[in-house]
Protein chains: 2
Amino acid sequence: MAKILLKNVQALLEDGSVAEKNIAIENDKIVKIGEVDTSWVPDQVLDGKDKLAIPGFINTHTHASMTLLRSYADDMQLMDWLQNKIWPIEAKMSSNDIYWGAMLAVAEMIKTGTTTFVDMYSEMHRVAEAVEESGMRAVLSRGMIGVAPNGQEALAESKKLFRDYHQTANNRIRVMLAPHAPYTCPPAYLRQVVDSAKELGAEIHIHLSETLGEVEDCKKQYGKSPIALMEEVGVLDCGVLAAHCVHVSSEDIALMKKYNVRVAHNPGSNMKLASGISPVAKMLSAGISIGLGTDGASSNNNLDMLEEVHLVSLLHKVHHLDPLAIPALTSIKMATEYGAKVAGFDDIGVLKEGYKADITLFNMNSTQWFPRHDLLSLLVYSANSSHVDTVIIDGKIVLEKGILTIIDEERILYEANKRAQDLIRK
Amino acid sequence: MAKILLKNVQALLEDGSVAEKNIAIENDKIVKIGEVDTSWVPDQVLDGKDKLAIPGFINTHTHASMTLLRSYADDMQLMDWLQNKIWPIEAKMSSNDIYWGAMLAVAEMIKTGTTTFVDMYSEMHRVAEAVEESGMRAVLSRGMIGVAPNGQEALAESKKLFRDYHQTANNRIRVMLAPHAPYTCPPAYLRQVVDSAKELGAEIHIHLSETLGEVEDCKKQYGKSPIALMEEVGVLDCGVLAAHCVHVSSEDIALMKKYNVRVAHNPGSNMKLASGISPVAKMLSAGISIGLGTDGASSNNNLDMLEEVHLVSLLHKVHHLDPLAIPALTSIKMATEYGAKVAGFDDIGVLKEGYKADITLFNMNSTQWFPRHDLLSLLVYSANSSHVDTVIIDGKIVLEKGILTIIDEERILYEANKRAQDLIRK
């Protein structure tokens, strides 16, 4: 029995208030928030003075191993960037490269307060290895390109990944099926994926309506929007996590609501790649679950969820010329509570008794946290992710006073850098 | 004679390249970049391993002491926020409050790599005191509201501030005259300010065309835009640093170019307050000098220039749906080289022999800096301001390994928090 007590910590509660509390953790769960009975004796006490506890961030869309390509190619047109820079390098990546890229991502995510991520890439058993070893929580999916020569192989790998890893590692790992996008996966292929998803009981993770060009091409080719096409081929029946949804119409939004499509909004990536501004306020009003994601580090260029929190609030305020759009609490909920729904969990994303102990503690001992009129406002509009001090996942301390406790940061930085440099020299 | 050697540091050079260099500093100046003669013996050597040296950030528009109101009021309409929250508290601020608010700002700015700031507020002799003591560089101005009962008193204070402080503290302090804005300073008052500016040889710092409402009201009242009105009353003859310029027309831009109006662009503030998106790309093409500013910490809510660098690049990419808009080097130049021009300096903003030694060193030993394909891209798109390690201003080390060397952070945090809490209880 491992028992941890967070003592006298400022805690962001389910109702959006922040109050000083004790938080008792037993094994993987929060067992008490508030007065802890003296008969409950913890193995370890963490002093909450000057700390803010929030539910760990949930990164609802990324490609972890693409950290290896961070800063390799920026300020380019999307297709030029993909065809001439990213894809040629990805073709050379070995299974070990994928592993170390994922490890670099996991190290960065933990250090910046993320406790769960949703991933789409290849060689996903190696990403699963990184997740298992690091103590992280993740929803993994093998990205499938239906038009590629290895389309069938990728589907077989996806199914194997689901059978081998879904709900393993004390349920820290879950698996979805991930057809990459409608423009890379034709309807016949998507129907195969849908059949497999139904057979396995798997949900689907897919890029939808990221760019205007994609939506226009889809309408030209199929006479309907990507969202409507997904309804037709049965994808929306499976439970869908849709990344981006930048260019969605009112009709699309109604369909998404009908089928409970959950959205991973990636403000940093959409801004940097100039994809456009997603109608987040409209989708939220329609009752759609929206989480935040960083997308891959080669397009963002980091895995910093607090930055996405900041961006989502600022971007939609200026877009709507409304300073009340996406207030602080909404943006934090998108990164935690709503993100949990998007990723398909019902026991993370909130600091709540009975929920998993996935907790991020910010050290408020720096200028950006003074004066302390409103801790939530300070977190959303002033702090940065380097103020993350301690991270607990599944009841285990994986970061303490800024130091990774389970994985070896120095080795990760060395391996990732060496492999990345080798890749571009190959 | 104080001599500092930065040894084997990755340095951002004037041409935009990054290369390993030695940088020799003698008193307040950079005397050599490259091979340093062995006959030149430094008093102190700083190891540049894993460090990136850039010119210190120049924050071209802020209200330093408003740090005291950080997180006091957010997610509100501008006028509600000003009239019901900000102004009532500002009316209660004592001279000591202004001093400690400025000190909190200075501490935060130094820790996040800013070496120069342009300020507009009241009780500016106390801000000057904070600047003198801290080793910071600043352009100070007493904000004047022409329609306020103390309009004449404020002008007298402005002139006194100029006479007492302009080009003092080894030229670390400069002074401008600051009529707040056209909507708070009628033409007759602005003409008085212009006369004073010409008499003193002072330049003018003013808010111009921040909101659409302001521009529309100005046209209704005076039959011309704020920029055109400034031409008419003579403000543009004095040398002008114009904050915001969000809503400027092609005609305005032509006038700004004619009179060399320099712009402080505040992307974070414009986004959070939903003021709009400034035509930065258009102004840059027109050859206008544009720097970056944070605006006050009660509207931003921090003084983090690297965040503004990130925002300016992302915001204008998505606004123009062009991933090539404001590339990494342009955004960094706005925060350094261009910012120096905006603030009125010709010897800071670039790492260059003969220039002032105002240098910020980033510690690249964290996940966000790996792999190291392109250091400039990592700085702009991946790093955060907590990676600032060492800051040198006017040849003096004011931050070393993240620790403030001249001012006492702990006392500043205590005083600023206590005073801020007292203010809202008064």
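Residues numbered from 1 in each chain as written. Chains lettered and ligands numbered in written order. Predicted model: local features only at pLDDT ≥ 70, side-chain atom pairs only at ≥ 80, totals over all residues. Heavy atoms only, no water.

## Considerations on the overall build of chain A
The criterion, for reference: Each helix corresponds to a stretch of at least 4 residues labelled H or I by DSSP, and each strand to a stretch of at least 2 residues labelled E; elements are numbered beginning at the N terminus. With the radius of gyration taken over C-alpha atoms, the globule rule is written as 2.2 Å times the number of residues to the power 0.38. Think of it in three bands: with a 1.4 Å probe and only protein chains considered, a residue is buried below 20% of the maximum accessible area for its type, exposed above 50%, and partly exposed in between. Working rule for contacts: check all heavy atoms of both residues, and any pair within 4.5 Å makes them a contact. A residue counts as positive if it is Lys or Arg and as negative if it is Asp or Glu; His and the chain ends are not included. A single reference atom marks each charge: NZ on Lys, CZ on Arg, CG on Asp, CD on Glu.
In terms of regular secondary structure, chain A is built from 15 helices and 18 strands. What you see for chain A is a C-alpha radius of gyration of 21 Å, in line with the 22 Å of a compact globule of 426 residues. Along the first, second and third principal axes, the C-alpha set of chain A runs to 65 × 45 × 40 Å. Expressed as a percentage of its 426 residues, the buried residues of chain A come to 66%. Sequence-distant contacts in chain A: of pairs separated by 6 or more residues, those separated by 24 or more amount to 71%. Here chain A holds 42 positive side-chain charges and 55 negative ones, and the gap between their average locations is 1 Å.

## Some words on the nonpolar core
Rule in force here: In plain words, nonpolar cores are sets of buried Ala, Val, Leu, Ile, Met, Phe, Trp, Tyr and Cys residues tied together by side-chain atoms within 4.5 Å.
Among the nonpolar cores identified, the biggest contains 238 residues, and Phe 117 and Leu 140 of chain A together with Phe 117, Leu 140 and Ile 204 of chain B are the most heavily contacted of them. Residues in contact with Phe 117 of chain B, not counting those within four places in the same chain, are Asn 59, Thr 62, Ala 64, Val 106, Met 109, Val 127, Val 131, Met 136, Arg 137, Ala 138, Val 139 and Leu 140 of chain B.

## Side note on the UniProt feature "binding site: substrate" (unreviewed entry) in chain A
All names here are of chain A. What counts is decided by this rule: UniProt positions are given in the numbering used here, feature names are shortened, and annotations may be inferred rather than shown by experiment.
The UniProt record marks Glu 90, Arg 142, His 180, Glu 210 and Asp 295 with the feature "binding site: substrate" (unreviewed entry), using the residue numbering of this structure. Of note, Glu 90 is situated in helix H1 (residues 78-90). If we skip the residues at most four places from it in the chain, Glu 90 touches Met 66, Leu 69 and Tyr 121.

## Regarding the UniProt feature "domain: Amidohydrolase-related" (unreviewed entry) in chain A
On the UniProt side, "domain: Amidohydrolase-related" (unreviewed entry) is annotated at positions that read residues 53-398 of chain A here. The distance from the first to the last C-alpha atom of residues 53-398 of chain A is 15 Å, and the span holds 42% helix and 18% strand.

## Describing the state of the cysteines
Residues and elements named next belong to chain A. Defined as follows: Defined by distance alone, a disulfide is two cysteine sulfur atoms within 2.5 Å.
Following the criterion strictly, the structure yields zero disulfides over all chains and no others. Unpaired in this structure, Cys 218 has its nearest cysteine sulfur neighbour in Cys 185, at a distance of 12 Å. We classify Cys 218 as buried; its relative accessible area is 6%.

## Re the side chain of Thr 336 of chain B
For Thr 336 of chain B, the position within the fold is in the loop between helix H13 (328-335) and helix H14 (337-343). Leaving out residues up to four positions away in the same chain, Thr 336 of chain B has contacts with Pro 55, Gly 56, Phe 57, Ile 58 and Gly 349 of chain B.

## Some details on helix H1 (residues 78-90) of chain B
Residues and elements named next belong to chain B. Condition: Helices are assigned an expected span. That span is 1.5 Å times one less than the residue count.
In a regular helix each residue adds 1.5 Å, so 13 residues correspond to 18 Å; H1 covers only 16 Å between its end C-alpha atoms and thus falls short of that length. Of the residues making up H1, those classed as buried are Trp 81, Leu 82, Ile 86 and Ile 89. Lining the buried residues of H1 we find helix H11 (297-300) and helix H16 (409-425).

## Let's talk about the interface of chain B and chain A
This is how the line gets drawn: Defined here as a combined quantity, buried area equals the accessible surface (1.4 Å probe) lost by two parts on assembly, summed across both. The term salt bridge refers to a side-chain nitrogen of Lys or Arg lying within 4 Å of a carboxyl oxygen of Asp or Glu.
Counting residues at the interface gives 63 residues for chain B and 63 residues for chain A. In this assembly, chain B packs against chain A so that about 5100 Å² is buried in total across both faces, 61% of it on carbon and sulfur atoms. Counting the surface chain B buries against chain A, the share from its top three residues, Asp 75, Thr 367 and His 373 of chain B, is 14%. Linking chain B to chain A there are two salt bridges.

## A word on the relation of the copies chain B and chain A
The relation between the two copies of this chain is a rotation about an axis and a shift parallel to it. Just so we agree on the cut-off: Here the copies are superposed with least squares, the fitted atoms being C-alpha atoms of residues at a pLDDT of at least 70 in both.
Rotating chain B by 180° about the axis while translating it 0.0 Å along that axis superimposes it on chain A, leaving an RMSD of 0.0 Å. What the superposition gives is, in effect, a two-fold axis relating one chain to the other. Judged by C-alpha distance, Ser 386 of chain B is the residue of chain B that lies nearest the rotation axis, at 3.1 Å. Here 100% of the interface residues in chain B have copies in chain A that are interface residues too; the copies meet face to matching face.

## So, helix H7 (residues 226-233) of chain A
An α-helical turn contains 3.6 residues, so any two residues separated by three or four positions project in the same direction. Residue and element names in this part refer to chain A. Extensive coverage of H7 is indicated by the burial of six of its eight residues. Listed in full, the buried residues belonging to H7 are Pro 226, Ile 227, Ala 228, Leu 229, Met 230 and Val 233. In this structure, the buried residues of H7 make contact with helix H5 (187-200), strand E11 (204-208), helix H6 (212-222) and helix H8 (250-258). Of the residues one or two after H7, Gly 234 is the one with positive phi, at around 95°.

## With respect to the packing of helix H12 (residues 305-319) of chain B against H13 of chain B
All names here are of chain B. Counted only if it meets this: What counts as an axis is a line fitted to C-alpha atoms, over the stretch in contact for a helix, and the angles between N-to-C directions run from 0 to 180 degrees. Comment on the angle field: the value is read as roughly parallel under 35 degrees, roughly antiparallel over 145, roughly perpendicular from 65 to 115, and oblique elsewhere. What makes a crossing left-handed is the near helix being turned counterclockwise from the far one by less than a right angle; a clockwise turn instead makes it right-handed. Three classes are used, and their members are as follows: Ala, Val, Leu, Ile, Met, Phe, Trp, Tyr, Cys and Pro are nonpolar, Asp, Glu, Lys and Arg are charged, and the others, Gly among them, are polar.
Where H12 contacts H13, the two axes come as close as 9 Å, and the packing angle between them is 140°. Between H12 and H13, the angle is such that the two are oblique. Helix-helix and strand crossings are classified by hand; for H12 and H13 the assignment is right-handed. Across from Met 305, Val 309, Val 312 and Ser 313 in H12, the residues of H13 making contact are Ser 331, Ile 332, Met 334 and Ala 335. By residue class, the composition of the contact of H12 with H13 is six nonpolar, two polar and no charged.

## Topic: the sheet that holds E11 of chain A
Residue and element names in this part refer to chain A. Our working rule: Pairing between strands is defined by DSSP: at least two bridges between them are needed.
As summarised here, the arrangement of the four strands in space is E11-E12-E13-E14, forming an open sheet in which the pairing is parallel. This sheet does not close on itself; its edge strands, each paired only once, are E11 and strand E14 (290-292). Between one strand and the next, the sheet's axes are offset by a mean angle of 30°, whatever the strand orientation. Taken together, the three bridges between strand E13 (residues 262-265) and E14 define a ladder with parallel strand orientation. Each residue of the ladder has a partner; that of His 265, found in E14, is Leu 292. On top of the sheet, helix H11 (residues 305-319) reaches E13 and E14; it is set at about 125° to E14, its chief contact.

## What to know about the sheet that holds strand E14 (residues 290-292) of chain B
All names here are of chain B. Taken together, four strands build an open sheet; the order of strands is E11-E12-E13-E14 and the sheet is parallel. This sheet does not close on itself; its edge strands, each paired only once, are strand E11 (204-208) and E14. For this sheet, the mean angle separating the axes of adjacent strands, direction not counted, is 30°. Pairing of strand E12 (residues 240-244) with strand E13 (residues 262-265) involves three bridges; the strand directions are parallel.

## Some words on the pattern of salt bridges
Residue and element names in this part refer to chain A. Evaluated as defined, the whole model comprises 52 salt bridges over all chains. One salt bridge connects Arg 419 with Asp 97, and the closest N-O pair in it is separated by 3.1 Å. Separated by 322 residues along the polypeptide, Arg 419 in helix H15 (residues 409-425) and Asp 97 in helix H2 (residues 95-111) bring together distant segments of the chain. Residue classification places Asp 97 among the buried residues on the basis of a relative accessible area of 3%.

## Here's the deal with the packing of H5 of chain A against H7 of chain A
Residues and elements named next belong to chain A. Taken N-terminus to C-terminus, the directions of H5 and H7 make an angle of 55°; their axes are 9 Å apart at the nearest point. What the angle tells us is that H5 and H7 run oblique. The hand of the H5/H7 crossing is right-handed. Residues Pro 187, Leu 190, Arg 191 and Val 194 of H5 lie in contact with H7, whose contacting residues are Leu 229, Met 230, Glu 232 and Val 233. When the residues that make up the contact of H5 with H7 are grouped by side-chain class, the tally is six nonpolar, no polar and two charged.

## A look at the packing of aromatic side chains
All names here are of chain A. Which entries qualify depends on this criterion: Aromatic contacts are taken between Phe, Tyr and Trp rings whose centres are within 6.5 Å, Trp giving its six-membered ring; a plane angle under 30 degrees counts as stacked, one over 60 as edge-to-face, and the others as tilted.
Applying the stated rule across the entire model yields six aromatic pairs over all chains. For the pair Tyr 99 and Trp 100, a centre-to-centre distance of 5.1 Å together with 85° between the ring planes defines the contact as edge-to-face. The class for Trp 100 is buried, based on a relative accessible area of 9%. Measuring from ring centre to ring centre gives 6.0 Å for Phe 362 and Trp 369, while their planes differ by 45°; the resulting arrangement is tilted.

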